[in-house]
Amino acid sequence: MQAITVRDRDAGVGGLALTDMPYPHAAENDVIVRVHAAGFTPGELDWPATWTDRAGRDRTPSIPGHEVSGVVVELGYGTTGLTVGQRVFGLTDWARNGSLAEYTAVEARNLAPLAADIDHTVAAALPISGLTAWQALFDHAHLTTGQTVLVHGVAGGVGSIAVQLAREVGAHVIGTGRADDRELALTLGAQTFVDLDADGLEHVGEVDVVLDVIGGNILRRSTELVRPGGTLVTIATPPTVQPRDGRAIFFVVEPDRARLADLAHRVRTGRLKPVVSAVLPLSEATSAFVRHRRTPGKTIIRIAEEHGTAYPITDNGAAQPDRQ
């Protein structure tokens, strides 16, 4: 099978290549998924798990990408809850070969069923961004109606979903980004937009929740905005400074089949619209990792076409035939 692989940690993005790899093995409780679309995180080449297994042993050449949408083609021993031929989406394991391949082996518990009216390219934009946004806002920060949340990187994969989820529960959302993110931020539901290049964060005032995806100086400055009893949640780096009379939490997203199903239902009903800025073939996946390549939302890699009645969700939440 064809896959994007990395072999040389020092080579960075330059070490990515489209190569032939063996068909994956389905371990106990695994499924093999024929990948139709895959998502990735540009920074995952810096993650230790990209290069070593859980025991710390070198596992190169490894396949990056941890968001998958496709069809189950094989069940491992003891696997229950999914069937061959079923459409699924979810997270691949951090320390195993990922989704930028024609086939991938995934623990069945990390996948959720995918309805026929959600296109694979839309589903592949949900697992990391959707689960991260939900877990940050509700599992860790306990955001509720009437509170104010500051969402950094509001036009990104996590931020664009977070603003929609926060607005749905009746929170007041302040989004940050660069000047050209303003229109998208307001369209998604942010009531206020802060240009991080031109506007001062100190003018935001106190907030109940900060969702940080940037780290560094933005993370440090954001701790000063958290009102007593509030929470700063970051996925960038463990915080070194705590808000006064508040909490600062760093976390890594966890698989959650039930929550994935809930997010997919929100997409089907038009309550959630993942932002997919580009869809590229597997042969062009290496270019999507380049750090200076900045686009809103997610870039998705389409690996296989689906022949049937799968429909992508358009900007107005309506289903349209997939003509790609």
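Look above for the structure.
So, here is what we can say about the structure in this document. Every chain begins its residue count from 1, and numbering advances along the sequence as written. Only residues with pLDDT of at least 70 get local features here, since the model is predicted, and only at 80 or more are side-chain atom pairs given and counted; chain-wide, interface and lining totals rely on the full set of residues. To get the side-chain values, all heavy atoms of the structure are used, and hydrogens and water are removed first.

Some details on the packing of aromatic side chains
Piece 1. Pairing of aromatic side chains requires ring centres within 6.5 Å, counting the rings of Phe and Tyr and the six-membered ring of Trp. Pairs whose planes differ by under 30 degrees are stacked, by over 60 edge-to-face, and all others tilted. If you walk through the whole model with that rule in mind, you get four aromatic pairs.
Piece 2. Ring geometry for Phe-40 against Phe-289: centres 4.4 Å apart, planes inclined by 20°, an arrangement best described as stacked. Taken together, the residues Phe-40 in the loop between β3 (30-39) and β4 (67-75) and Phe-289 in the loop between α7 (285-288) and β15 (298-302) connect sequence positions 249 residues apart.
Piece 3. What makes Phe-40 buried here is its relative accessible area of 5%.
Piece 4. A positively charged side chain is recorded as over a ring if its NZ (Lys) or CZ (Arg) lies within 6 Å of the ring centre. The angle to the ring normal must also be within 35 degrees. One residue, Arg-34, lies across the ring of Tyr-103, its end atom 5.1 Å from the ring centre. Only DSSP runs of H or I covering at least 4 residues are called helices, and only runs of E covering at least 2 are called strands; the numbering of each starts at the N terminus. Burial status follows relative accessibility: with a 1.4 Å probe on protein chains alone, a residue under 20% of its type maximum counts as buried, one over 50% as exposed, and anything between as partly exposed.

Considerations on the nonpolar core
Piece 1. Within the largest apolar cluster, 43 residues are counted, with the highest numbers of intra-cluster contacts made by Phe-89, Leu-137, Leu-143, Val-149 and Leu-165.
Piece 2. Those elements that provide at least two residues to this core are β5 (87-91), α1 (120-123), α2 (127-140), β8 (148-151), α3 (157-168), α4 (182-188), β11 (207-212) and α6 (257-268).
Piece 3. No other element matches α2, which puts seven residues into this core.
Piece 4. Only heavy atoms enter the contact rule, under which two residues are in contact if any of them lie within 4.5 Å. Look past the residues within four positions of Leu-143 in its chain and what remains in contact with it is Leu-137, Phe-138, Val-149, Ala-166, Val-169, Ala-171 and Val-209.
Piece 5. Side-chain atoms within 4.5 Å are what join buried Ala, Val, Leu, Ile, Met, Phe, Trp, Tyr and Cys residues into a set we call a nonpolar core. One finds Val-35, Trp-51, Leu-82 and Val-106 within the second-largest nonpolar core, a separate group that totals 29 residues.

Quick word on α3
Piece 1. Look at α3: 18 Å from first C-alpha to last across twelve residues, which is about the 16 Å you get at 1.5 Å a residue.
Piece 2. Counting buried positions along α3 yields ten of twelve residues, so the element is predominantly enclosed.
Piece 3. When we look at burial in α3, the residues that qualify are Gly-157, Val-158, Gly-159, Ser-160, Ile-161, Ala-162, Val-163, Gln-164, Leu-165 and Ala-166.
Piece 4. Backbone geometry just downstream of α3 places Gly-170 in the positive-phi region, at approximately 90°. Expected helix span is taken as 1.5 Å per residue step, with the number of steps being one fewer than the number of residues.

Things to note about α2
Three or four residues apart is the spacing at which side chains of an α-helix point the same way, because the helix has 3.6 residues per turn.
Piece 1. Burial analysis of α2 places twelve of its 14 residues in the buried class, the great majority of the element.
Piece 2. Listed as buried for α2 are Pro-127, Ile-128, Ser-129, Gly-130, Leu-131, Thr-132, Ala-133, Trp-134, Gln-135, Ala-136, Leu-137 and Phe-138.
Piece 3. In the stretch just after α2, His-142 is the one whose phi turns positive, near 55°.

Topic: the layout of surface pockets
Piece 1. Cavities and pockets were defined on a 1 Å grid built from protein atoms only: a cavity is a group of points that admits a 1.4 Å probe but offers it no way out, a pocket is an open group of points flanked by protein on both sides within 12 Å along at least five of seven lines, and a lining residue is one with an atom within 4 Å of any such point. Grid points are joined across faces, edges and corners, and a volume is the space filled by probe spheres set on the points. In this structure, the largest pocket occupies an estimated 1600 Å³ of space.
Piece 2. If you go around the largest pocket, you meet 41 residues; those closest to its centre are Thr-41, Pro-42, Gly-43, Val-213 and Ile-235.
Piece 3. For the lining of the largest pocket, the secondary structure elements donating two or more residues are α2, α3 and β15.
Piece 4. Taken together, the residues of the lining of the largest pocket break down into 22 nonpolar, 13 polar and six charged. Residues are grouped as follows: nonpolar covers Ala, Val, Leu, Ile, Met, Phe, Trp, Tyr, Cys and Pro; charged covers Asp, Glu, Lys and Arg; every other residue, Gly included, is treated as polar.

Regarding the packing of α2 against α3
Piece 1. To define axes, lines are fitted to C-alpha atoms, for helices over the stretch in contact only, and angles between the resulting N-to-C directions are given on a 0 to 180 degree scale. Interaxial distance between α2 and α3 falls to 8 Å at its minimum, and their mutual angle equals 50°. Regarding the angle of α2 to α3, the classification is oblique. Between α2 and α3 the crossing geometry is right-handed. Of α3, the residues touching α2 (which contributes Ser-129, Gly-130, Thr-132, Ala-133, Trp-134, Leu-137 and Phe-138) are Gly-157, Val-158, Ile-161, Ala-162, Leu-165 and Ala-166.
Piece 2. Here the contact of α2 with α3 is built from residues that sort into nine nonpolar, four polar and no charged. Comment on the angle field: the value is read as roughly parallel under 35 degrees, roughly antiparallel over 145, roughly perpendicular from 65 to 115, and oblique elsewhere. Crossing handedness: left-handed means the near helix sits turned counterclockwise from the far one by under a right angle, and right-handed means the same turn made clockwise.

With respect to the sheet that holds strand β13 (residues 247-250)
Piece 1. In space, the six strands of this open sheet follow the order β10-β9-β8-β11-β12-β13, with parallel pairing throughout. Each edge of the open sheet is held by one strand with a lone partner, namely β10 (192-195) and β13. Neighbouring strand axes in the sheet, compared pairwise and without regard to direction, differ in orientation by 15° on average.
Piece 2. Bridge count between β11 and strand β12 (residues 226-234): five bridges; the pairing is parallel. Looking across to β12, one finds that Val-209 is bridged to Thr-231. For two strands to be treated as a pair, DSSP must find no fewer than two bridges joining them.

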